[in-house]
Amino acid sequence: MRTKILITFSILCSILWITSCRKDFDYAPSNGHLSFSRDTVYLDTVFSNIGSSTYLLKVFNDTKDDVVIPTLNLRNGLESFYRLNVDGVAGKEFNNVPIYAKDSLFILIETTIDITDSAVNELLYIDAIDFDSEPYRQSVQLVTLAKDAIFLYPNEELESSTEILDLFIDESTEPVEIEGFVLNDEYLTLNNQKPYVVYGYAIVEEDKELIIEAGSRLHFHENSGILIKEGATLTINGQLSENDEELEGEVIFEGDRLEPGFDDIPGQWGAIWISQGSQNNMINHLTLKNAQLGIFVQGQEDNIETTLTLTNSKIFNSSTINLWAKNAKIYGENVVLGNAGNSSFLIENGGNYSFIHTTVANYWNKGFRFNSALDIRNHSRNNFDVGFNLQKAEFKNSIIDGNGQNEISLITNEQNDFNFHFQNCYIKLNEDNSSNINNPLYDLNNTEYYTNIITAGELDYFSPTDDDFRIGLDSDVLNKGDINTANSSPIDIIGTSRLPEPDLGAYQAINKEN
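None of the values given here were measured: they were computed from a predicted structure.

Visitor: Even after reading the chapter, I still don't get the pattern of salt bridges, so can you show me in this structure?
Guide: When charged atoms on two side chains of opposite charge get close, those side chains can pair. Within the structure shown, the criterion is met by 14 salt bridges. When the shortest N-O distance is used, the salt bridge between Asp-130 and Arg-75 registers 2.8 Å. Separated by 55 residues along the polypeptide, Asp-130 in strand E10 (residues 122-131) and Arg-75 in the loop between strand E5 (67-74) and strand E6 (82-86) bring together distant segments of the chain. Between Arg-369 and Glu-407 there is a salt bridge; the shortest N-O distance is 2.8 Å.

Written out as structure tokens, the structure reads:
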């Protein structure tokens, strides 16, 4: 019995020793029997000289034999714009890559494409990963569309500077320090010939005007934006687009990552900041998305000139606030202030505001949100003792809505003027809430504050969580607009006539099936 046990033990040890000492010659050549998770890897659109996301390709050995891939390389060789990482090893050419039977190999793929021809705006770059050589070669195609762009950033030609922004984006009491550079005259008029990629804050100096023409595309890197200084002006001349997909007339501000996975990621870039003392800024047909703070507007006490005229524009998916006004004077028409991590529209330190046919709606679903969609105060959020007169906060034919119970917040320090009025508006407000009942500011029967208000009903949005606040024909705000107000804004934000029966908000209702 002991002898049998010793013989069995010896055999097992021999098997383990042989297995542990396997050499390369134990592997069979792959012989074209590999399979792949995809035949072609499409690396989504990137800007020239900006790195892509990382993409995964799986290589499978479905045979019963351990195999070795004699050669694995990029077809364009060492000059290829693609980079590989094969099971943790970076490179562009590999030899004798093993795969065990019924196992897989992971290949990570990235690219940075350099467009050297200034006459080329787009380049479709194609390469392939070749596994082995003929007659057993197998290939996976690699495809990327690269776009050329004009890069704006601090360098020797563009004077660098440092600015301190008192934005309190994180709601602390510490100012946010950002790096900026002064735009010279060459870049004070931007057009649609090529997209622009901005690194840092592009600063428009006093007595200068930044003009952005119809169809322009501005892409901002992390912690980047535009700073309009005292005495400077911003003019955005977007136009109504004929093509709903191309949006050829719209001016678009967004992040610099073009991959589809970044389409709705908030907080990718900084803000547009209009400083105190900047007047007569005009924005028309702008789409601004995925910022930390969309537009921050600082006015001054007893503004005579309009700080900002904002028309036919959408600001949404900011990680904090879409539009933040401090003691400013703003006129808004056909404006959509959509989802945001905090308020869609914050009015602080009083000011003078008039908005018609505006949709303020916050259906934020990327985390907790504690503030109302519309927040109006005549004082600083951080200090009740710092207050200014709210000369006027007027909303007509508008929607104030969201996925909370109360989407309007009215807070006065009871020392400064607090003048507001809502006419022909839908307001998401829980009238049974005890704090609302006891607060005269929410008394919807007080005609000094409210006229023809709707607080319940179905809005029939197309897709509110996706910031599509168009309304369908089943909406309860159809034909509820004041005709005199609509006469001053007869066309909605996408060019639909709202006469003779105007609906509330920036959009006139349309059939969802169209």
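Additional details are given in the paragraphs that follow.
Visitor: How do you make sense of the environment of Asn-281 when you look at a structure like this?
Guide: Secondary-structure assignment places Asn-281 in strand E24 (residues 281-284). Judged by its relative accessible area of 0%, Asn-281 is buried. Distance from Asn-281 to Leu-308, taken between C-alpha atoms, is 4.7 Å for residues 27 residues apart in sequence. Those residues in contact with Asn-281, other than ones at most four positions away along the chain, are Ile-228, Ala-232, Thr-233, Leu-234, Ile-274, Thr-306, Thr-307, Leu-308 and Thr-309. Of the polar contacts made by the side chain of Asn-281, one reaches the backbone nitrogen of Leu-234; its length is 2.7 Å. Within polar-contact distance, the side chain of Asn-281 engages the side chain of Ser-278 at 2.9 Å.

Visitor: What is the right way to read unusual backbone geometry from this model?
Guide: Note: most peptide bonds trans; most residues except glycine with negative phi. Looking along the chain, the bond that leaves Glu-134 and enters Pro-135 is cis, with omega of 10°. Mapped onto the elements of the fold, Pro-135 is located in the loop between E10 and strand E11 (138-147). Omega for the peptide link from Leu-499 to Pro-500 comes to 10°, which places this bond in the cis form. Phi at Asn-49 is positive, roughly 70°, even though this residue is not glycine. Within the secondary structure, Asn-49 is located in the loop between strand E3 (40-47) and strand E4 (55-61).

Visitor: I'm lost on the sheet that holds strand E2 (residues 34-36) in this one. Help?
Guide: What holds strands together in a sheet is hydrogen bonding between their backbones, with the strands either parallel or antiparallel. The antiparallel open sheet is built from 5 strands, whose spatial order is E2-E4-E9-E6-E7. Two strands in the sheet have a free side with no partner beyond their single neighbour: E2 and strand E7 (89-91). Going from strand to strand, the sheet's axes swing by 25° on average, the running direction of each strand aside. Where E6 lies against E7, 3 bridges are found, and the strand directions are antiparallel. Bridged to Val-86 within E7 is Val-89.

Visitor: Got a minute to help me understand the confidence of the model for the chain in this structure?
Guide: Caution is warranted with low-pLDDT regions, since their predicted coordinates should not be read in detail. Here the chain averages 89 in pLDDT, while 89% of its residues score no lower than 70. Segment residues 15-25 is flagged for pLDDT under 50; beyond a separation of four residues in sequence, or across chains, it makes 1 contact in the model.

Conventions we followed
Residues numbered from 1 in each chain as written. Predicted model: local features only at pLDDT ≥ 70, side-chain atom pairs only at ≥ 80, totals over all residues. Heavy atoms only, no water. Salt bridge = Lys/Arg side-chain N within 4 Å of Asp/Glu carboxyl O. Helix = DSSP H or I, 4+ residues; strand = E, 2+ residues; numbered from the N terminus. Buried < 20%, exposed > 50% of the residue type's maximum accessible area, 1.4 Å probe, protein only. Contact = heavy atoms within 4.5 Å. Polar contact = N/O pair within 3.5 Å; in protein donor to acceptor, adjacent residues only side chain to side chain. Pairing = 2+ DSSP bridges. Axes fitted to C-alpha atoms, helices over the stretch in contact; angles between N-to-C directions. pLDDT = per-residue confidence, 0-100.

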